[in-house]
Amino acid sequence: MNPRTTRLVLIISAFLAGLVLCFTVILLVSGRGGMPITTANAAIGGSFKLNDQNGKAITDQDLKGKPFLVFFGFTHCPDVCPTALFDMSEVLNRLGPDADKVNALFITVDPERDTPAVIKDYLSSFDPHLSGLTGDPAAIAAVAKAYRVYFEKVPLDQGGYTMDHTAIVYLMDKTGRFVSPCSLARTTDAAAADLRRYF
Ligand SMILES: [Cu+2]
């Protein structure tokens, strides 16, 4: 290549690189904005009828008017679930009195062992704003499907079983529509501030 061609190639490369950068930024910006609401968001969430840790019936209708965090797991989970519930508790705690303006749900994927009484006992270690929901296996399968949560019973060598499950905390708005996964890897302040935007 002669020097002139080389310079031209460099200029074009720089231009293309700039273009790619621009598009990336645009994608990121629109991805944070309205785009997911119209597409993927509509597919996560839906109606359900379960019981809370006090045996009281709870449906999706009872959640209307407040944004909510929802996490699927099981009380025998060795680490992932306790960590997620601890992080959710931190966020609720950080909201102070405003924690009453949100709902926070733990839905079991192990209804066989997680009765309301078991869940109530388990939740006593976490923020009191957390509700723990269970139901018959069909109702749990239905709500997990609505939230696109995968779960499966895995037998253990020493007997008994554990559960494989999706471990995402979903942020849903006050109409019950999916907003985004709620990253608890951020600071508690950032997660709490994010939640406040949906009061
Ligand atoms: Cu778990």
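The structure under discussion appears in the preceding block.
For clarity, every value in this text was computed on a predicted model and none was experimentally measured.

The rules behind these values
Residues numbered from 1 in each chain as written. Predicted model: local features only at pLDDT ≥ 70, side-chain atom pairs only at ≥ 80, totals over all residues. Heavy atoms only, no water. Axes fitted to C-alpha atoms, helices over the stretch in contact; angles between N-to-C directions. Helix = DSSP H or I, 4+ residues; strand = E, 2+ residues; numbered from the N terminus. Parallel < 35°, antiparallel > 145°, perpendicular 65-115°, else oblique. Left-handed = near helix turned anticlockwise from the far one by under 90°. Contact = heavy atoms within 4.5 Å. Phe/Tyr/Trp six-rings, centres within 6.5 Å; stacked < 30°, edge-to-face > 60°. Buried < 20%, exposed > 50% of the residue type's maximum accessible area, 1.4 Å probe, protein only. Lys NZ or Arg CZ within 6 Å of the ring centre and 35° of its normal. 1 Å grid on protein atoms, 1.4 Å probe; cavity = no way out; pocket = protein on both sides within 12 Å on 5 of 7 lines; lining within 4 Å. Points joined across faces, edges and corners; volume = space filled by probe spheres on them. Donors = N, O, S within 2.8 Å, 3.2 Å for Na, K, Ca; no water.

Trainee: Explain the packing of helix α3 (residues 80–95) against helix α6 (residues 188–196) here, please?
Mentor: Between two packed helices, the angle of one axis relative to the other and the distance separating the axes together describe the packing. Where α3 meets α6, the axes come as close as 9 Å, and the angle between the chain directions of the two elements is 65 degrees. The angle between the axes of α3 and α6 places the two elements in the roughly perpendicular class. Read as a crossing pair, α3 and α6 show a hand that is right-handed. Facing α3, whose interface residues are Glu90, Val91, Arg94 and Leu95, α6 presents Thr188, Asp189, Ala191, Ala192, Leu195 and Arg196.

Trainee: Looking at this structure, how should I read the packing of aromatic side chains?
Mentor: Aromatic rings in a pair are described by how distant their centres are and how their planes are angled relative to each other. If you walk through the whole model with that rule in mind, you get 5 aromatic pairs. Both rings, one in Tyr170 and one in Phe178, keep their centres 5.6 Å apart while their planes meet at 80 degrees; by these two values the pair is edge-to-face. The class of Tyr170 is buried, set by a relative accessible area of 4%. Aromatic rings pair up to connect Phe72, Tyr147, Tyr170 and Phe178 into one cluster. Over the ring of Tyr161 we find Lys153; its NZ or CZ atom is 4.3 Å from the centre of that ring.

Trainee: I tried to follow the layout of surface pockets on my own but got confused; where do I start?
Mentor: Which parts of space are left empty comes out when a probe the size of a water molecule is rolled across the atoms. When its volume is computed, the second largest pocket comes out at roughly 150 Å³. Lining the second largest pocket are Asp52, Gln53, Asn54, Lys56, Ile58, Asp62, Leu63, Lys64, Lys66, Asn103, Leu105 and Ser131.

Trainee: Explain the coordination of the copper ion here, please?
Mentor: Tetrahedral metal sites with four donors have an ideal angle of 109.5 degrees; octahedral sites with six donors have ideal angles of 90 or 180 degrees. The copper ion binds to the protein through Cys77 (SG), Cys81 (SG) and His165 (NE2), with metal-donor distances spanning 2.1 to 2.2 Å. Spacing between the donor residues of the copper ion along the chain follows C-x3-C-x83-H. Of this pair, Cys81 sits in helix α3 while His165 sits in strand β7 (residues 161–165), and the two are 84 residues apart along the sequence.

Purely geometric stuff here, so don't read any function into it on its own.
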